[in-house]
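Geometric and topological summary
Each chain is listed here by its residues.
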Amino acid sequence: MSESPVPHEPPIYRRIADGLRARILSGELRDGDRLPGENALMADYAIARATARQALAVLINEGLAVPKRGSGVYVRLFKPIRRHGSRRLSREQWGQGRAIWDADTRGRPFTVDRVEVVLERAGEEVAGVLESGEVWVRRRRYSVDTRPVQLATSYFPAHLVEGSAITLADTGPGGVYARLSDLGVSPAHFTEEVRARMPSPREIALLDLPGGTPVIVIARTAYTSGGVPVEHNEMVLDSAAYVLQYDFDA
């Protein structure tokens with residue numbers, strides 16, 4: 001009779017990470033607490049520095065911890081934002097003067113900063129999508145619970161939105177989609193493309209990303225019921241801060 005296979009034991013760095021994760025999720029280690037450093041882990045588990053570093057890297061890459069240069073690694077608990085692809089863009093949301101972000105955050109405090117609104121010549125790709133050589137551009141950064149989570153750049157055909165609140169920093173209740181509706185070009189259809197990549201140095205700085213954290217890139221185009229493109233939005237999301245939800249029928 002053959003012997004039952006012995007379960008493979010995970011490597012020591014993984015077991016250390018599992019133990020620290022359990023302490024975080026149980027509440028023993030709270031948001032902002034400093035995790036045991038490499039020297040402490042080396043002494044407690046009789047391991048090499050590289051192994052201790054691997055254990056901490058597991059938690060950093062999971063978004064549960066963040067390194068601070070010259071200080072250590074700290075717990076970074078953050079409830080992921082559930083981004084519901086269709087619900088947040090429904091006419092019921094922006095048509096009643098509510099911000100799209102209200103659907104994402106569900107009562108959690110959010111802020112918008114780094115707002116820049118400028119008139120520019122469109123790049124080749126954007127010009128092709130919007131069928132316009134000149135565009136109004138809205139750049140901004142979103143933070144939830146004081147944590148930067150998304151960068152967004154929206155483009156609008158200049159001839160379409162010139163003189164409207166879309167060219168101002170504050171677009172008013174319901175945001176840009178409500179203002180497009182005021183102009184008689186309500187969004188009726190959206191397309192989104194989603195991909196992942198590593199962030200640029202600028203994105204790392206603006207989103208305060210821990211090392212090794214990828215970003216989610218979403219490109220969305222809004223169309224009228226007649227198929228006229230009225231907005232192209234390029235979003236860069238901290239992947240550790242989001243759950244993307246899409247509901248559809250079989």
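Parameters and conventions
- Residues numbered from 1 in each chain as written.
- Predicted model: local features only at pLDDT ≥ 70, side-chain atom pairs only at ≥ 80, totals over all residues.
- Heavy atoms only, no water.
- Pairing = 2+ DSSP bridges.
- Helix = DSSP H or I, 4+ residues; strand = E, 2+ residues; numbered from the N terminus.
- Axes fitted to C-alpha atoms, helices over the stretch in contact; angles between N-to-C directions.
- UniProt positions renumbered as here; feature names shortened; annotations may be inferred.
- Phe/Tyr/Trp six-rings, centres within 6.5 Å; stacked < 30°, edge-to-face > 60°.
- Lys NZ or Arg CZ within 6 Å of the ring centre and 35° of its normal.

1. Some details on the pairing of strand 1 (residues 65-68)
- Sheet analysis places strand 1 next to strand 2 (residues 72-75), joined by four bridges and oriented antiparallel. Bridge pairing in strand 2 links lysine 68 to glycine 72.

2. Details of the sheet that holds strand 5 (residues 134-144)
- The strand order across the open sheet built from six strands is 4-5-6-9-8-7, with neighbouring strands paired in antiparallel fashion. Both outer strands of the open sheet, strand 4 (110-121) and strand 7 (189-197), are each paired with one neighbouring strand and no more. Averaged over all neighbouring strand pairs, the angle between strand axes comes to 15°, with direction disregarded.
- Direction of pairing for strand 5 relative to strand 6 (residues 147-157): antiparallel, over a ladder of ten bridges. Counterpart to serine 143 in the pairing with strand 6 is proline 148.

3. Description of the UniProt feature "domain: HTH gntR-type" (unreviewed entry) in the protein
- Per the UniProt annotation, the sites labelled "domain: HTH gntR-type" (unreviewed entry) are residues 10-78.
- For residues 10-78, helix accounts for 51% and strand for 12%, while the C-alpha atoms at its two ends are 27 Å apart.

4. Brief notes about the packing of aromatic side chains
- In the structure shown here, the tally under the stated rule is one aromatic pair.
- Residue placement shows lysine 68 over the ring face of tyrosine 74; its charged tip is 4.7 Å from the ring centre.

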